[in-house]
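What follows is each chain in one-letter form.
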Amino acid sequence: MSSAVLQRPNAPRVSIALALIAGLSLLAWAALAAWSAGPYARYLDHGRWTDLPLLGAWCAAVPQGEVVAAILFHSGAWLLMITAMMLPTVLPLIGVVMRVASGRRDAGLLVGLVVVGYALAWSGFGLLALALDSLVRSGAAQSAWFATHGALLGAAVLAIAGGFQFSSLKYRCLDRCRTPFGFVSERWHGRNAAGDALRIGLAHGVFCVGCCWALMLVMFVVGMSNLAWMLLLAALMAAEKNLPIGRRLAAPVGIVLIGCAVVLVVTA
């Protein structure tokens, strides 16, 4: 670790950087709120994007256009959701990076690279989730059983998310996310600051996916346009990662999710 870690950070500069990131997250929330409340809310569900006249015509004209459109629109909506829900949870990490980069002219660039790396990790998970969701939808469309028992699929996702809250992987990843200073100090070498920053963001994003992926899958059950669930899940994940009692929240959240799954099964 470079001796730069021991330097006193430029407090105004750190405050400005954190305020800009918080502002970006607020703008993302505002965009999601406007989208969810508007006439195009149903298009947050990627299965409906081709209903748009212009997009439907484009998909018909371009080879594999429907697949390309699904990837592009899902990636955009997913990135917006990650900016709103997950970016605030990395503010402590950004504060540590600003301390490490204190006095450097490229401090802003380094923070940006951390954010880019973090977004890349979550974008990769989003594409995997899209592929899995598409496979499930395709199979469900060809099954008469799913037509009458679709709620059971949602119950299964909630049960998986709830069960994961008790797993050792959840706690290992969560512990890495809860120690931003140690996380940065292990990965900052100073010889290639830009590369270090990108790797820090990417690695932190991978651990963040590792502890939060199951909760994010809940969005596919409740709907990606459900702002109330977004706020609730974002608050839970931020609390788990940053509050002193955060680690102890995992088990109660798991019990609630499993309870919701049971209710869905009983009422299906």
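Residues numbered from 1 in each chain as written. Predicted model: local features only at pLDDT ≥ 70, side-chain atom pairs only at ≥ 80, totals over all residues. Heavy atoms only, no water.

1. Regarding helix α10 (residues 227-242)
Across its 16 residues, α10 extends 22 Å between first and last C-alpha, which sits within 8% of the 22 Å expected from 1.5 Å per residue. Regarding α10, the residues found buried are Met230, Leu233, Ala234, Met237, Ala239, Glu240 and Lys241. (Helix = DSSP H or I, 4+ residues; strand = E, 2+ residues; numbered from the N terminus. Expected span 1.5 Å × (residues − 1). Buried < 20%, exposed > 50% of the residue type's maximum accessible area, 1.4 Å probe, protein only.)

2. With respect to the nonpolar core
Ranked by internal contacts, the top residues of the largest apolar core, which has 60 residues, are Met85, Met86, Trp122, Val184, Met216 and Met237. Per-element tally for this core: the top contributor is helix α9 (residues 193-222), with 14 residues. Those residues in contact with Met86 that sit more than four places away from it in its chain are Met81, Tyr118, Trp122, Cys208, Cys212, Met216 and Met237. (Core = buried A, V, L, I, M, F, W, Y, C linked by side-chain atoms within 4.5 Å. Contact = heavy atoms within 4.5 Å.)

3. Considering the packing of helix α4 (residues 91-100) against helix α5 (residues 107-141)
For the pair α4 and α5, the least separation of the axes is 10 Å and the interaxial angle reads 145 degrees. Classified by chirality, the crossing of α5 by α4 is right-handed. Taken together, the residues of α5 that come into contact with α4 (itself represented by Leu93, Ile94, Val97 and Met98) are Ala107, Val111, Val114 and Val115. Partitioned by chemical class, the residues of the contact of α4 with α5 number eight nonpolar, no polar and no charged. (Axes fitted to C-alpha atoms, helices over the stretch in contact; angles between N-to-C directions. Left-handed = near helix turned anticlockwise from the far one by under 90°. Nonpolar A, V, L, I, M, F, W, Y, C, P; charged D, E, K, R; others polar.)

4. A short note on the packing of aromatic side chains
Geometry of an aromatic ring pair is reported as the spacing of the ring centres plus the angle between the planes. Throughout the structure, instances matching the rule amount to four aromatic pairs. On the numbers, 5.7 Å between centres and 85 degrees between planes, the contact of Trp122 with Phe125 is edge-to-face. Residue Trp122 and its partner Phe125 are both found in helix α5; the two are separated by three residues, about one turn of the helix. Note on accessibility: Trp122 and Phe125 belong to one class, buried. Their ring planes at 90 degrees and their centres at 5.9 Å tell us that Phe183 and Phe207 sit as a pair that is edge-to-face. Here Phe207 lies in helix α9 and Phe183 lies in helix α8 (residues 180-187), a separation of 24 residues in the sequence. Judged by relative accessible area, which is 1%, Phe183 ranks as buried. Three or more aromatic residues link up through ring pairs in this structure, and these residues are Trp78, Trp122 and Phe125. Across the ring face of Phe183, the terminal group of Arg187 is positioned such that the distance to the ring centre comes to 3.9 Å. (Phe/Tyr/Trp six-rings, centres within 6.5 Å; stacked < 30°, edge-to-face > 60°. Lys NZ or Arg CZ within 6 Å of the ring centre and 35° of its normal.)

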